[in-house]
Structure formats: structure tokens, C-alpha cells
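Coordinates in review
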Amino acid sequence: MHMPDGFVSAPVIAATGAISAAATGFSLSRARREIDDHAVPALGVCTAFIFAAQMINFPVAGGTSGHLIGAFLAMLLLGPAMGFLAILIVTVLQALLFADGGVIVLGTNVFNLGIAGGLLPYALFRLVVRRGPGGRLAWKAAFFAWFAVVIASASCAVELALSKTSPAAIVIPAMTGIHALIGVGEGIVTFSFLKLIESVRPDLLAGIPGSAAAPERS
Amino acid sequence: MKRPALIVAAAVAVGIGLFLSPFASRSPDGLETVADDHGFAESAAERSAPLAGYGVPGLGGGRLSRAVAGGAGTAAALGAALLVGRLLAAKRKNDAQEETGKR
């Protein structure tokens, strides 16, 4: 759902761009405190996977295709700051090298994919695993991965409506409807990936709140 | 993760970009479908980029072109993230040294 230039109005670009800039500053300063030589290759590999995965469009209903976003899963594995940097790097490269998503609306696309589809579902996931009953980590993550795609598409739709590109009553149900289908792919991949890692390298999940390998919080 | 495992993982990612991307669906994505169905697709600004549309100029629009673009893009993503990560890690070490210097 990378938006090209021309779909959203200047005020929407300015507002979402400012929020994305703030999130970038926050992520850089936090990543600077967290990162060690160990985490650098993990950031590289994760970013490469997001880029590759976003190229693999799979068919969904009615001649439409979708691809993974990967921001939520990256945040689970790298933490929110480095996960955000991963999706940011991918979105910048897509816009500059591949004309996939506009350059003027870059901040808007980063907002939709990295904040609405990343930081927000990550924060909600963390709240649920800390406050709610334990266990079933992969199921919870799968749900929030699906939710991430739907909320990112809703954010996109609201921006289109605010920009008067398409009426809210049309674009919001249309965008969230098709992405509720596309998001199932995100949920399945997130679930399978976590189950696989859980069985072969559970230590890699130590950073995920609520995982069996995570340190107990009092 | 140990170094060999990371190298394998990086190779798998570039391999996906190189060998799987040519076989990805070319149907319009969710936003493009909605834009077509509800008549705002023509608002999109035409733009050029070195590898616009995940194709390499001169290689046409086929699978080879897409494979090269996918492999190059994945490698570029890997390189850019490693660069950002290294810069941040170097700054962290700098900060730590300044801290101990003050004491």
C-alpha cells in the first residue's frame, strides 16, 4: 500500500511527515544506546528480509495481490527502535531506487507502514502480553500482525479521505476490506516464523515480551 | 546469532530477492485495486527512478530484469542497514569512551 505522489494533500503530508520524523529521531537515539556489534548484522539481515519479502506479491481475491509489511515482526525481533529503522530504510530505498511509493509522500508511507503498521500494533501487543494471560505467543503475534496490516490500510484510507481523494464512506471500507484478506498472509508468516524459531533457536526470542525465553518482569 | 548463521540468512534474503521475486504476482496491490475501482488511480504522479517498477532498464520487463532488480535491492537494503548499524554502534562506543573520560 505504498502511496505514490499525488494521492494525499499537503497538510496530510506535513502532519504524517512530522510524526515520522519524530519517530525517526526517537529510534535513532534509542538504537544508539541499545546497539552493539552483535545487533548490527541482525539489523542488516532483518532489513534485507523485509525488502525481499515486500517484493513477493501473493494473489488474493479478485485479481488483487498483496505482500508482507514485516514491520511488526521486525520490531518483535529487534525491538521497536531498530525495527522501525529497518522498515524506514526499506521504504526509503523503495521510493528512491524503485519509484515504489512517492518521494514527497515518503513520510506518509513511513507513518502508515512503520507507525500505524508497526509501532502501534507493537505497543498494543506488548500491553496484551504483559497484562493478559500468558502463553500462546505465536497466536497473539499472528493476530497483531494481521491487525497491523488492517490498521496500516485504515491509516492510508483516512489520509486519502482527508485529502479529498476519495470519500471516507467508500475508501475506508474498501481499503480495510481488501487488507483484512492480505493481512491473513502476514499473520500466517508471522505465526510460522515464530513457531520455527521457537523450536530451533528459542534464545532469539528473548527480546519479545511474553516469550518463554524473556526475562521475568516483576 | 553466530557469524556463519548470519551469512547464510543474508544469502537466503538476497536469494529470495533474486530467485523468488520474478515469480511474484503482478496483479495490482490492495491500494491500486481500490484506486482503480473508485476512480482516483489517475491522481498518481508518474515518477522515474533508476530501477522504477522493479525492472532494470535495457533488460525489459521480464523475469530476468525483475530478478536483477530484486537481488540488487535486497543487497542494497542489507548494505544500507549494516552501514546505519555500524555508524550507530561506533557512536555508542564514542559516547561510552567520553563517559569514562569524564570520570
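Note that the coordinates shown come from a computational prediction; the quantities given were computed from them, not determined experimentally.

Section: the interface of chain B and chain A
Contacts between chain B and chain A engage 49 residues on the former and 54 residues on the latter. Elements that contribute at least two residues to the side of chain B that touches chain A include exactly helix H1 (3-20), helix H2 (30-37) and helix H3 (63-102) of chain B. If one sorts the elements of the side of chain B that touches chain A by residue count, H3(B) sits on top with 16 residues. Its residues placed into classes, the side of chain B that touches chain A shows 29 nonpolar, 14 polar and six charged.

Observations regarding the confidence of the model for chain B
Residues and elements named next belong to chain B. Mean pLDDT over chain B: 90, with 96% of residues reaching 70 or higher. Across chain B, element-level confidence peaks in H2 with a mean pLDDT of 96 and bottoms out in H3 with 90. For this predicted complex, the interface score ipTM comes out at 0.92, while the overall pTM is 0.94.

Concerning the nonpolar core
Side chains that are nonpolar tend, in soluble globular proteins, to be buried together. Of all hydrophobic cores here, the largest spans 98 residues; its most connected members are A:Leu43, A:Cys46, A:Ala74, A:Leu85, A:Ala86 and A:Ala148. Top element by residues in this core is helix H6 (residues 137-162) of chain A. It accounts for 15 residues. Setting aside residues no more than four positions away along its own chain, A:Ala86 makes contact with A:Leu43, A:Cys46, A:Thr47, A:Ile50, A:Ala74, A:Leu78 and B:Ala81.

What about the environment of A:Val184?
Residue position: A:Val184 is located in helix H7 (residues 168-200). A sequence separation of 124 residues divides A:Val184 from A:Val60, and the C-alpha atoms of the two residues are 10.0 Å apart.

Describing helix H3 (residues 71-78) of chain A
Of all eight residues in H3(A), eight are buried; the element is thus mostly enclosed. A:Gly79 sits one or two positions beyond H3(A) and adopts a positive phi of about 90°.

Conventions used here
- Residues numbered from 1 in each chain as written.
- Chains lettered and ligands numbered in written order.
- Predicted model: local features only at pLDDT ≥ 70, side-chain atom pairs only at ≥ 80, totals over all residues.
- Contact = placed C-beta atoms within 7 Å.
- Helix = DSSP H or I, 4+ residues; strand = E, 2+ residues; numbered from the N terminus.
- Nonpolar A, V, L, I, M, F, W, Y, C, P; charged D, E, K, R; others polar.
- pLDDT = per-residue confidence, 0-100.
- Core = buried A, V, L, I, M, F, W, Y, C linked by C-beta atoms within 7 Å.
- Buried ≥ 20, exposed ≤ 12 C-beta atoms within 10 Å, placed from the backbone.

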